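# Structural characterization, general
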Amino acid sequence: MTLHQSEAIVLRTWPLRESDLLVSLLTRDLGKVRGVAKAALKSRKRFGGALEPMTYVDAAYAERPRQELVRMDHFEAIASPLALPIDYLRAATLGYYAEVLENVLPDHDPQDAIFRLTLAVLEQSQVGRCWMPVTYFSLWITRLIGWLPETDRCTECGQNFAGEAAYFHGLTDGLSCARHKKPNSSALGVDSLALAQRMLRDSICAMSEEPWTRQSGRDLRRFLVRTLERHTERRLNSAEVFSRMGG
Amino acid sequence: MSRFAQPLTQLIDELSKLPGIGRKSAQRLAFHILRATEQDAFALADAIRDLKAQLHLCSICHNITDVDPCQFCSNPSRNQAIICVVEEPSNIASIERTKHFNGAYHVLHGTLSPLNGIGPDQLRIDSLVERVQAGSLQEVILATNPTVEGEATAGYLLQLLRGTPVRITRIATGIPAGADIEYADEVTMTRAMEGRREL
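Residues numbered from 1 in each chain as written. Chains lettered and ligands numbered in written order. Predicted model: local features only at pLDDT ≥ 70, side-chain atom pairs only at ≥ 80, totals over all residues. Heavy atoms only, no water.

### Things to note about the overall build of chain A
- Assigned secondary structure in chain A consists of seven helices and seven strands.
- Going from the N terminus to the C terminus, chain A shows its helices and strands as β-β-β-β-β-α-α-α-β-β-α-α-α-α.
- Whereas a compact globule of 247 residues would reach a radius of gyration of roughly 18 Å, chain A reaches 19 Å, a difference of no more than 12%.
- Considering only C-alpha atoms, chain A reaches an extent of 60 × 40 × 30 Å along its principal axes.
- When the 247 residues of chain A are sorted by exposure, 50% land in the buried category.
- Split by element, the accessible area of chain A, about 11,500 Å² in all, is 48% carbon and sulfur. (Helix = DSSP H or I, 4+ residues; strand = E, 2+ residues; numbered from the N terminus. Rg over C-alpha atoms; globule rule 2.2 N^0.38 Å. Buried < 20%, exposed > 50% of the residue type's maximum accessible area, 1.4 Å probe, protein only. Areas by Shrake-Rupley, 256 points an atom, 1.4 Å probe, with all protein chains shown as cover.)

So this is what it looks like as structure tokens:
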């Protein structure tokens, strides 16, 4: 048995047997791991409120030989999403991060850049200020996983968009120019293309000073969500909330 | 080929579908029922049948009940001007055990859960708004769990009911009775300090 102590982010929990929880955890050292938190619903001593999704924790867990699930021993919360007020949009935002990370990351594949990205967006995701971190996270996770197409030129002809809108389609990769767009494509505006370039260049802290509304970067978010959904072949439940809220 | 007679195997199969009951426990329970008197075994079967046949949701508060309206909504000695909003019917039992609440209830049957695709339309929120708009309420107590989803649901209800003349309150959170402050996490301790009251 190998004991581990690592910084981690709780992604999701599922009830298991009478009082156990199955926990999906994004650890800094080992990547995504799944394990069982025994009696987590009965006793709050070992986990407290640290099993809430997107809680940044110091996690102690044990890997057992020839067993896929680890044994979760003890979590100590470093930063909890419950420390700040929560509304429906913030809950959807936290759920979106958890759902995307759960769907796109393979098990036992540590990726420090994704871990740092998640911590950075979590810090910025506050009531009334969620649209920017959601967009930033969507863009960067798509890039870090390797699914982000070129955002400055047409995939078909390679021509630079040069101040004109790009087009995307739910069933095809990449962005197209007006000449090569597929029927029923959606437009990605000039402002959003520029925003994507800026987000790939600047830190999230620099972006956080700018005023954002639900309309800001809406087409960019939709493009990125579609890209993630197409590659994982799964609908993102939490992204539906963004659409329902007009974002 | 099955190790037991068909009816016994079927009972083991059905019992092992229950939460917290594995195959071994189901086998033990099945043999216990087999050894029990005919009267006891049939009483158990009748209780399960009646549970599904007679229980339904209260048309006012959506609690599980065998009479409509339920015992809380139809009781004239309870204060119907105060309603406590809970996530699940089982939460009512916890509040009733305290003997400190004499109002009525409203059961949402879940919380907003973006991860699981549960939005406001899947919860009993419309009927809560109707009860508030009917005008006879003085206070709505939001008693959803202090989890991300419970807090989001409470926040959503607060937004929805804010314009009404009804007083909206949230249950307190903090250190549980009998617990040691040394082992309290930061969020719990912060909330306990924020929610302190004058003695």
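The discussion continues.
### Re the overall build of chain B
- The helix and strand inventory of chain B stands at seven helices and six strands.
- For chain B, the sequential pattern of α-helices and β-strands runs α-α-α-β-β-β-α-β-α-β-α-β-α.
- Dimensions of chain B, computed from C-alpha atoms along their principal axes, come out at roughly 65 × 45 × 35 Å.
- Looking at chain B as a whole, 34% of its 199 residues are labelled buried.
- Counting contacts in chain B only where the partners sit at least 6 residues apart, residues at least 24 apart contribute 46% of the total.
- Carbon and sulfur atoms make up 54% of the accessible area of chain B, which totals about 12,800 Å².
- Separation of charge centres in chain B, based on 19 positive and 23 negative side chains, amounts to 4 Å. (Contact = heavy atoms within 4.5 Å. Lys, Arg positive; Asp, Glu negative; His and termini not counted. Charge placed at Lys NZ, Arg CZ, Asp CG, Glu CD.)

### Here's the deal with the nonpolar core
- Membership of the largest hydrophobic core comes to 80 residues, with the highest contact counts inside it found for Met54(A), Tyr96(A), Leu101(A), Tyr136(A), Phe137(A), Ile141(A) and Val140(B).
- Residue contributions to this core peak at 11 residues, all from helix H1 (residues 88–104) of chain A.
- If we ignore the near neighbours within four places in the chain, the residues touching Phe137(A) are Tyr96(A), Tyr97(A), Val100(A), Leu101(A), Leu117(A), Thr118(A) and Val121(A).
- In terms of nonpolar packing, the next biggest core, distinct from the first, is built from 18 residues, Ala8(A), Val33(A), Leu51(A) and Tyr61(A) among them. (Core = buried A, V, L, I, M, F, W, Y, C linked by side-chain atoms within 4.5 Å.)

### With respect to a nonpolar patch on the surface
- Residues Leu51(B), Leu55(B), Leu57(B) and Ile64(B) make up a contiguous nonpolar surface patch of roughly 320 Å² in combined accessible area.
- Note that Leu57(B) resides in strand S1 (residues 56–57). (Patch = residues over 30% accessible without salt bridge, like charges linked within 9 Å, V, L, I, M, F, W, Y side chains within 5 Å. Salt bridge = Lys/Arg side-chain N within 4 Å of Asp/Glu carboxyl O.)

### Considering empty space enclosed by the protein
- As enumerated under the stated definition, the model contains one cavity of 30 Å³ or more in all.
- The volume enclosed by the largest cavity comes to roughly 80 Å³.
- Lining the largest cavity, in full, are Pro53(A), Ala91(A), Leu94(A), Gly95(A), Pro114(B), Leu115(B), Val148(B) and Glu149(B).
- When residues of the lining of the largest cavity are traced back to their parent elements, those giving at least two are H1 of chain A together with helix H6 (148–161) of chain B. (1 Å grid on protein atoms, 1.4 Å probe; cavity = no way out; pocket = protein on both sides within 12 Å on 5 of 7 lines; lining within 4 Å. Points joined across faces, edges and corners; volume = space filled by probe spheres on them.)

### What to know about the pairing of strand S5 (residues 70–79) of chain A
Residue and element names in this part refer to chain A.
- Relative to S5, strand S3 (residues 31–37) runs parallel, the two sharing two bridges. If you follow valine 36 over to S5, its bridge partner there is arginine 71.
- Note that strand S4 (residues 56–63) and S5 share seven bridges and pair antiparallel. Bridged to alanine 62 within S5 is arginine 71.
- Counting the residues that bridge the hairpin from S4 to S5 gives six residues, and of these arginine 66 lies at a positive phi of roughly 60 degrees. (Pairing = 2+ DSSP bridges.)

### Some points on the interface of chain A and chain B
- Listed as interface residues are 23 residues of chain A and, on the opposing side, 18 residues of chain B.
- On the surface where chain A and chain B come into contact, there are zero salt bridges.
- Summed over the shared surface of chain A and chain B, the number is five residue pairs in polar contact (both at pLDDT 80 or more).
- If you list the elements that add at least two residues to the side of chain A that touches chain B, you get H1 and helix H7 (237–244) of chain A. (Polar contact = N/O pair within 3.5 Å; in protein donor to acceptor, adjacent residues only side chain to side chain.)

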